[in-house]
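Next come the chains, spelled out residue by residue.
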Amino acid sequence: MNTDDLRKVPTPSVQQADNTNSTENSSPAESAEDSNKAKRSTGFISKFWPNRSTITVSFMEDLSDELKYRVERVIRRWEPHMSLAMEFVEGRQANIRISLNGMQNRSELGNNALYIPADIPTLTLATPSDHPSFEPDLLHEFGHALGLNHEHQHPDANIPWDMDRTYRYFKERFGWDENDVNSQIFEVHYDADVFRGSYDKKSIMHYQVPNEITLGDWEVGVNTTISEQDKINLRKIYPSN
Ligand SMILES: [Zn+2]
C-alpha cells in the first residue's frame, strides 16, 4: 500500500467516557474473569475506523521490550487482512491504548476508543502474559478494537442454549448475573447497521460454548487463531481498493 494514501486517525480527545459500547471477553482463561456490566453493542458499521487509515497503538505501562514486541507481533496478525495500518507509538496519545494489567479482558468497540480520556486504556487484558490464553485473548480483544462483534451473537448462530445451565455457568465462573448473560451471550443484534459475514464457529470472536450448557450435542471449542472467515470479514470491512 502506498503510505501516502493513509490517513491518520486523530489522537483522542479528553471527553467523558462512554462505556455503553465496550466489549469484554470472558473466555477462555479463568484468570480473565470479567464482571463488566457494560452493555455491549455488536459490530456496528458506524464503529469501524476510516478505511485505509492508520491507527496508533500504545501501552499504558512500562513493559519490557520483549513483551511489547510480542504483543505487537500478535496484534499485527490482523494486519495482512485489512487496509488499516497500525503504528506503535510511545506515550498515551494513541488511538488504542493497551493495559496488560487489567481486571478484565475488554476493549472499546472500534472507534468508540476515540471518546475515552487519554489516561484510560481502551483495551485491557487480565490474562497473564505467561498464560496459554494470552495471545488468543489479545487477538480477540483487538478484534473488538477493530469493530468486530461477538460471533456467538450472530443472528445465524442459533445456538441451542440450555438457558438455566448457561446462567449458572457464567455465574459460577465469572460472577455474571442474568442481565449480564442476556446481554453478553443471548442477545442477538439484527440492526441494519450491523456488519456480518457468514456465521463461523471457528471465529476468534466466538466464545467457547461447552456442550454442558447446550441442548443436545452442540459445542464450540476454544478458538485460538484468526479464522478464514474472520479474514474474509476484515477484507470486506476494510477493503484495499
Ligand atoms: Zn469479546
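Residues numbered from 1 in each chain as written. Predicted model: local features only at pLDDT ≥ 70, side-chain atom pairs only at ≥ 80, totals over all residues.

## Let's talk about the overall build of the chain
Reasoning step 1: For the chain, the count of helices and strands is five helices and seven strands.
Reasoning step 2: In sequence order, the secondary structure elements of the chain are arranged as β-β-β-α-β-β-β-β-α-α-α-α.
Reasoning step 3: Partitioning the intrachain contacts of the chain with sequence separation of at least 6 by distance along the chain shows that 77% fall at a separation of at least 24. (Helix = DSSP H or I, 4+ residues; strand = E, 2+ residues; numbered from the N terminus. Contact = placed C-beta atoms within 7 Å.)

## Notes on helix 2 (residues 134-145)
Residues separated by three or four positions in an α-helix point in the same direction, a consequence of the helix having 3.6 residues per turn.
Reasoning step 1: Taking 1.5 Å per residue, twelve residues should reach 16 Å; helix 2 reaches 16 Å between its end C-alpha atoms and fits that length.
Reasoning step 2: Of all twelve residues in helix 2, eleven are buried, a share of seventy percent or more. (Expected span 1.5 Å × (residues − 1). Buried ≥ 20, exposed ≤ 12 C-beta atoms within 10 Å, placed from the backbone.)

## A few points about the nonpolar core
Reasoning step 1: Counting residues in each nonpolar core, the largest one holds 32 residues, and the members touching the most others are Val 57, Ile 75, Trp 78, Ile 96, Ile 98, Leu 138 and Phe 142.
Reasoning step 2: Sorting the residues of this core by element identifies strand 3 (53-59), helix 1 (65-75), strand 5 (96-99), helix 2 and helix 5 (228-237) as the ones contributing at least two each.
Reasoning step 3: For this core, the element with the highest residue contribution is helix 2, accounting for five residues.
Reasoning step 4: Discounting chain neighbours no more than four positions away, the residues touching Ile 75 are Val 57, Met 86, Leu 138 and Phe 142.
Reasoning step 5: In terms of nonpolar packing, the next biggest core, distinct from the first, is built from six residues, Tyr 167, Phe 174, Val 181 and Ile 185 among them. (Core = buried A, V, L, I, M, F, W, Y, C linked by C-beta atoms within 7 Å.)

## Focus: the confidence of the model for the chain
Reasoning step 1: Of the residues in the chain, 82% have a pLDDT of 70 or more, and the chain-wide mean is 84.
Reasoning step 2: Across residues 1-22, where pLDDT falls below 50, the model places 45 contacts with residues more than four positions away in sequence or in other chains.
Reasoning step 3: Contacts from residues 25-42, a stretch scored under 50 in pLDDT, to residues over four places away or in other chains number 64 contacts. (pLDDT = per-residue confidence, 0-100.)

## Some details on the pairing of strand 4 (residues 85-88)
Reasoning step 1: Here strand 3 pairs with strand 4 via four bridges, running parallel. Within the sheet, the bridge partner assigned to Val 57 lies in strand 4 and is Phe 88.
Reasoning step 2: Each parallel crossover has a hand, and the one from strand 3 via helix 1 to strand 4 is right-handed. (Pairing = 2+ DSSP bridges. Right-handed = clockwise from strand over helix to strand, strands pointing away.)

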